[in-house]
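# Structural description and commentary
What follows is each chain in one-letter form.
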Amino acid sequence: MLNVEPSSLQRATAQAPHLQEPKVVAKDVSVYYGEKRALFDVSVNIPDRGVMAFIGPSGCGKSTFLRCINRMNDTIPICRVTGKITIENEDIYDPSLDVVQLRARVGMVFQKPNPFPKSIYENVAYGPRIHGLSSSKAELDEIVQKSLERAALWKEVKDRLNDPGTGLSGGQQQRLCIARAVAVNPEVILMDEPCSALDPIATAKIEELIDELKQNFCIIIVTHSMQQAARVSQRTAFFHLGVIVEEGNTEEIFQNPTDKRTQDYITGRFG
Amino acid sequence: MAVETAPMTPDSALSASRKNEAIRARIKRRYSAERRFRAYGIAAILFGLAFLVALFSTIFARGYTAFQQSTFTLSVVLDQAAFGSSAPTPSELRMADYTKIANRAIQQALGVDPNNKADARAAADLLSQNADTQIRKIVTADPSLVGQTVKVDVLAHGNVDSLLKGQFDRSVAESRRKLSDKQLGWLDRAIESGILTKKFNTGLFTYGASSKPETAGVGVALVGSLYMMTIVLLVAVPLGVAAAVYLEEFAPKNFITDTIEVNINNLAAVPSIVFGLLGLAIFINFMGIPRSASLVGGLVLALMTLPTIIIATRAAVSAVPPSIREAALGVGASKMQSITHHVLPLAVPGILTGTIIGLAKALGETAPLLMIGMVAFVVEYPSTPMDAATALPVQIYMWATAAERGFVERTAGATLILLAFLVVMNVTAVILRRRYERRW
């Protein structure tokens, strides 16, 4: 963690990294599943080129909120979202906005590694192909290689790009999914408990990778592991029962929580 | 718990040993119950297998003889006189008296005097009534044969065929037999000299309907069934897959779609004869498509297969894990793209299996075809799906009701052919499922 480049080191030590111009701004976001309300007026500013962690007990709404940011909740028929979320001052719930375009800008990595049952190459090439990001095979090859390199997977798979992606180990599959998300060059990457299905070694690799990726992307990660939040994020928001109880620099949240509930949660008294 | 930590008194030790006994008895009962359950299962399977074996062995025992047919190998004299000239015109070729030529040939082969009217008649009766057509076919195909003597395989009469297959009872009084003692004598000699033999029955696969068993075959029925299966594939698969994908992926969940869903499941259970009535009312009476046409049959069977395909496709589509859809949507694929690029390819094995099983069901379906007049006496091959045709199971049904001995074995033989098709289709379905099955 110490051998990161100076600029990111600076950012990590800065009091509030880039909060003067946040990448994602949520204002009074509420989510309803039918009659049931899952989120209550959540407002948060998420900085660019950094990692924001959402922590909190199960069912507190952190994943629900994460899925609002790329409008994945649209796929659930009974789900209704109110409030406003902007990415670079653009309202993502604007009716004129194309949700497919949005998802190209906001990539997502899921809890369980979910590579397509196709070759490793096809997994990574799929996004660029449907968005027409490459005009030739050579260009596509380059995107695939670069994305796999960015996901720290290239060395392990470069000789078997045509093997099925589902044949990789769990940790490799998850990095493949990260490569797939990175390949369309998104601005924001959402990670929904990306390490919960992985062993500690694979988890360490992913965390290292997140640390690398934050130089270029705005990363938002939902995690159940407080250590992980402490290790990878610069800012943390603590969710509880559908509200953000506390949000701030990671160090402060973990060392000096102002709210009693945050304190109880991070010291393991509930959750 | 307090009970467990209480000190062991003689009293409680006694109750503990009693308890152990009760437990042991219960365990024993449980084991014997499990054994009984397994025995019931095995018995049920054996029962089913026994019926299957009985069914197949009776069909096979009755049917295998249908694949052989008794044939006379005759030296046929194609005398110029019979054709009028040495270079007969096509009409002369067609009009020549081939029956006479055939009769001469059999009389000569059996050593019967053609001038003895009774004997000549008796000898001619041993040939199939189709013998003239067989010779005509050979001659019209090659007119240069006129004036020569050629070896021709001519079908024997159905009664002769029964004799060769051991289905003829010689002990019956001559007056009540279909073959006289004299005829039997000739035939025994013919068998000895090798001019009367059993050959592989290609006619079973090529002939159409006939009132004579030796010239009856499933050719027309096979073509009819082929047309119908093609129509079912072309109509039911695209419609079924589209309906299933729409219902599964796009349709909102509300009262209307729920009703549609329930009714599709109901439709799968509707007796097939009802589909036949529907076809009769809509395709024949309303739309005016000719009766007995394979087009009508195909459309009716397509309607019947549709629910099966829809149900199978829906199951296959919903079996694709949601994580794959999410992954596709997550990289910015549209809903349509996520379905066509990922969900459908993964669902293809399931769709194929459902389709093949639906087709197999349609192939064996008889009742609706009876309603739309496909139970017809069709001799000519249908050249288009608009022509009259029959289907394999209907052919079986028609032969099963025919009187001659030769049709009994043909009924079983055709059943074997149908079963062979069904087995091939089902095995294909299993292989496809095994081969393309994916694990996540």
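Residues numbered from 1 in each chain as written. Chains lettered and ligands numbered in written order. Predicted model: local features only at pLDDT ≥ 70, side-chain atom pairs only at ≥ 80, totals over all residues. Heavy atoms only, no water.

## Quick look at the overall build of chain A
Going by this rule: Helix and strand assignments follow DSSP, with helices taken as H or I runs no shorter than four residues and strands as E runs no shorter than two, numbered in order from the N terminus. For the radius of gyration, the atoms used are the C-alpha atoms, and the globule rule reads 2.2 Å times the number of residues raised to 0.38. Accessible area is worked out with a 1.4 Å probe on protein chains only. A residue is then buried under 20% of its type maximum, exposed over 50%, and partly exposed in between. Two residues qualify as a contact provided that any one of their heavy atoms is within 4.5 Å of a heavy atom in the partner residue. Surface accessibility follows the Shrake-Rupley procedure with a 1.4 Å probe radius. Residue values consider only the protein chains on display as shielding.
A tally of regular secondary structure across chain A gives 11 helices and 10 strands. A compact globule built from 271 residues should have a C-alpha radius of gyration of about 18 Å, and chain A, at 18 Å, falls within 12% of that. With respect to the principal axes defined by its C-alpha atoms, chain A has extents near 55 × 45 × 35 Å. Out of the 271 residues in chain A, the part that is buried amounts to 55%. For chain A, restricting intrachain contacts to residue pairs at least 6 apart in sequence, the fraction spanning at least 24 positions comes to 67%. Looking at chain A as shown, the accessible area adds up to about 12,200 Å², and 48% of this sits on carbon and sulfur atoms.

## Description of the interface of chain B and chain A
To keep it simple, the criterion reads: Buried area adds together the accessible area that both of two parts lose upon being put together, with accessible area traced by a 1.4 Å probe. Here, a salt bridge means any Lys or Arg side-chain nitrogen found within 4 Å of an Asp or Glu carboxyl oxygen. Side-chain atoms alone can form a polar contact between residues adjacent in sequence; in general such a contact is a pair of N or O atoms within 3.5 Å, and within protein one must be able to donate a hydrogen while the other accepts it.
Contacts between the two partners involve 17 residues from chain B, matched on the other side by 21 residues from chain A. Between chain B and chain A lies a buried interface of about 1,600 Å² when both sides are counted; carbon and sulfur atoms form 62% of it. For the pair chain B and chain A, the number of links is 1 salt bridge. Arg67(A) is the partner of Glu326(B) in a salt bridge, and the nearest nitrogen-oxygen pair spans 3.0 Å. Counting across the chain B and chain A interface gives 7 residue pairs in polar contact (both at pLDDT 80 or more).

## Let's talk about the layout of surface pockets
Let me state the cut-off plainly: Cavities and pockets were defined on a 1 Å grid built from protein atoms only: a cavity is a group of points that admits a 1.4 Å probe but offers it no way out, a pocket is an open group of points flanked by protein on both sides within 12 Å along at least five of seven lines, and a lining residue is one with an atom within 4 Å of any such point. Grid points are joined across faces, edges and corners, and a volume is the space filled by probe spheres set on the points. Each residue gets one label: Ala, Val, Leu, Ile, Met, Phe, Trp, Tyr, Cys and Pro are nonpolar, Asp, Glu, Lys and Arg are charged, and the others, such as Gly, are polar.
Of the voids in this model, the largest pocket is the one considered here, and its volume is about 780 Å³. Lining of the largest pocket is provided by 28 residues; of these, Thr75(A), Pro77(A), Glu249(B), Arg325(B) and Lys335(B) occupy positions nearest its centre. For the lining of the largest pocket, a count of residues per class yields 14 nonpolar, 4 polar and 10 charged.

## Some details on the sheet that holds strand S7 (residues 188-192) of chain A
Residue and element names in this part refer to chain A. The condition is simple: Strands qualify as paired when DSSP identifies two bridges or more between them. For helices, the fitted line uses only the C-alpha atoms of the stretch in contact; every axis is such a line through C-alpha atoms, and the angle between N-to-C directions lies from 0 to 180 degrees.
A sheet is described by the order of its strands in space; here 6 strands give the open sequence S6-S7-S8-S3-S9-S10, paired in mixed fashion. Across the chains shown, the open sheet's two edge strands, defined by having one partner strand only, are strand S6 (106-109) and strand S10 (243-249). Ignoring strand direction, the axes of neighbouring strands in this sheet form an average angle of 15°. On the sheet, helix H8 (residues 200-213) packs against strand S3 (50-55), S7 and strand S8 (218-222) and is oriented at approximately 150° with respect to S8.

## A look at the domain arrangement of chain B
Stated precisely, the cut-off is as follows: Reported domain spans reflect what an automatic or database domain assignment gives.
The domain boundaries assigned to chain B delineate domain 1 (2-64), domain 2 (67-206) and domain 3 (219-436). The straight-line distance from the C-alpha centre of domain 1 of chain B to that of domain 2 of chain B is 68 Å.

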